[in-house]
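Report on the structure
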Amino acid sequence: MAPRSFWKGYLKLSLVTCPVAMTPAASEREKVRFHILNRNTGNRVVSQYVDSVSGAPVSEDEAAKAYPRGENDYMLLEDDELDALNLDSTRTIDIDAFAPAGSVDSIWLDKPHYLVPDDPIGVEAFSVIREAMKATHTVGLSRLAIYRRERAVMIEPRDKGLVLWTLRFADEVRDQKDCLDNIHAETPNAKALGLISKLIEERKIHWDPSATQDPVQTHLLEIIAAKKKQQRPARGKKQAPASPGNVVNIMDALRKSIDADRRGAKRR
């Protein structure tokens, strides 16, 4: 069963417009989630806002958003003031620029969403925009009010549809100079470089999404299933992380790695 769309609006390019629906490409619905209980009564625990000074509960109507101006000094913002920030981009993805495919650094990519036509009448316009991006090897750039803020977004063609990526805000991405410029630049040993390249070639595989399975999630489900049967699951022995040892000679370590890979390949 296809997931339900959580946003509907219009995709627009100049005078070409088509109705579209958007669904998050990633989901955490299958994750194991826990409720907090009172151990003594077995009742669920509820959370609520409490006044930090008086300790009195605060109802939803009494709760308000505020911006800190200083210590214990806040400026209240009313809902109607925040609602006034709603922009045209709440319901229209207006593609106003295109960039070469692959030119948007992956560090800026935030959340992916599938974008599909929402009306048979708009399929032709949707298809024209998609195929034009494929033919020109470009991605569309726009802005969209989503997740309570207006965000820059990137639209790329994929199969019969489009994928819309929300992009991170400028203040969310750290300047790489702060982290990477302190690495001491050293010309690698030519032989070591050759051995590493050889090791990479021998370990090349076709990426399989099954590699992203969560073993903790799997074990949690086993524990829950066992508890349902009133059985204690067998505890797996916790393995200590392998120590890399004191690698003195990188060339020796690389040769041993390649030999180990070859022995493993022969056994397979």
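A brief report on the enclosed structure follows. (Residues numbered from 1 in each chain as written. Predicted model: local features only at pLDDT ≥ 70, side-chain atom pairs only at ≥ 80, totals over all residues. Heavy atoms only, no water.)

1. Observations regarding helix H4 (residues 190–202)
- Between its terminal C-alpha atoms H4 stretches 19 Å, which fits the 18 Å expected from 13 residues at 1.5 Å a residue.
- Within the sequence span of H4, burial applies to Ala192, Leu195 and Leu199. Each buried residue of H4 lies within a common arc of 65° when the element is viewed along its axis, so the set occupies one face.
- At the N-terminal boundary of H4, the capping side chain belongs to asparagine 189, with an oxygen 2.8 Å from the backbone nitrogen of lysine 191. (Helix = DSSP H or I, 4+ residues; strand = E, 2+ residues; numbered from the N terminus. Expected span 1.5 Å × (residues − 1). Buried < 20%, exposed > 50% of the residue type's maximum accessible area, 1.4 Å probe, protein only. Arc of directions from axis to C-beta. Polar contact = N/O pair within 3.5 Å; in protein donor to acceptor, adjacent residues only side chain to side chain.)

2. Quick word on a nonpolar patch on the surface
- Taken together, Phe34, Leu221 and Ile224 make up a surface patch of nonpolar side chains, about 300 Å² in accessible area.
- Note on isoleucine 224: relative accessible area 32%, which makes it partly exposed. (Patch = residues over 30% accessible without salt bridge, like charges linked within 9 Å, V, L, I, M, F, W, Y side chains within 5 Å. Areas by Shrake-Rupley, 256 points an atom, 1.4 Å probe, with all protein chains shown as cover. Salt bridge = Lys/Arg side-chain N within 4 Å of Asp/Glu carboxyl O.)

3. Comments concerning the nonpolar core
- One finds Leu11, Ile93, Leu144 and Ile155 to be the most contacted residues of the largest nonpolar core, which totals 18 residues.
- Those elements that provide at least two residues to this core are strand E1 (7–13), strand E2 (16–24), helix H2 (123–136), strand E10 (138–146), strand E11 (149–158) and strand E12 (161–167).
- Ignoring any residue separated from it by four or fewer positions in sequence, one finds isoleucine 155 in contact with Ile93, Ile95, Met133, Val139, Gly140, Ser142, Leu162, Val163 and Leu164.
- With seven residues, the next largest nonpolar core counts Ala99, Val139, Val163 and Leu167 among its residues. (Core = buried A, V, L, I, M, F, W, Y, C linked by side-chain atoms within 4.5 Å. Contact = heavy atoms within 4.5 Å.)

4. Quick look at the packing of aromatic side chains
- Within this structure, the stated rule accounts for zero aromatic pairs.
- The ring of phenylalanine 169 has arginine 149 sitting right over it, with the charged end atom 4.1 Å from the ring centre. (Phe/Tyr/Trp six-rings, centres within 6.5 Å; stacked < 30°, edge-to-face > 60°. Lys NZ or Arg CZ within 6 Å of the ring centre and 35° of its normal.)

5. Overview of the sheet that holds strand E9 (residues 109–117)
- Spatially, eight strands are ordered E7-E1-E2-E9-E12-E11-E10-E8 in an open sheet, and the strand pairing comes out mixed. Looking at which strands have only one partner, the edges of the open sheet turn out to be strand E7 (92–94) and strand E8 (97–100). The average undirected angle you get between the axes of adjacent strands in this sheet is 40°.
- As judged from the six bridges shared by E11 and E12, these two strands associate in the antiparallel manner. Paired with arginine 158 across the two strands is glycine 161, which belongs to E12.
- Running at roughly 80° to E2, H2 makes contact with E1, E2, E8, E9, E10, E11 and E12 of the sheet. (Pairing = 2+ DSSP bridges. Axes fitted to C-alpha atoms, helices over the stretch in contact; angles between N-to-C directions.)

6. Remarks on the side chain of glutamate 156
- Within the element layout of this structure, glutamate 156 appears in strand E11.
- Looking at glutamate 156, its side chain comes within polar contact range of the side chain of tryptophan 165, at 3.1 Å.
- When sequence neighbours within four positions are dropped, the list of residues in contact with glutamate 156 reads Val139, Leu162, Val163 and Trp165.

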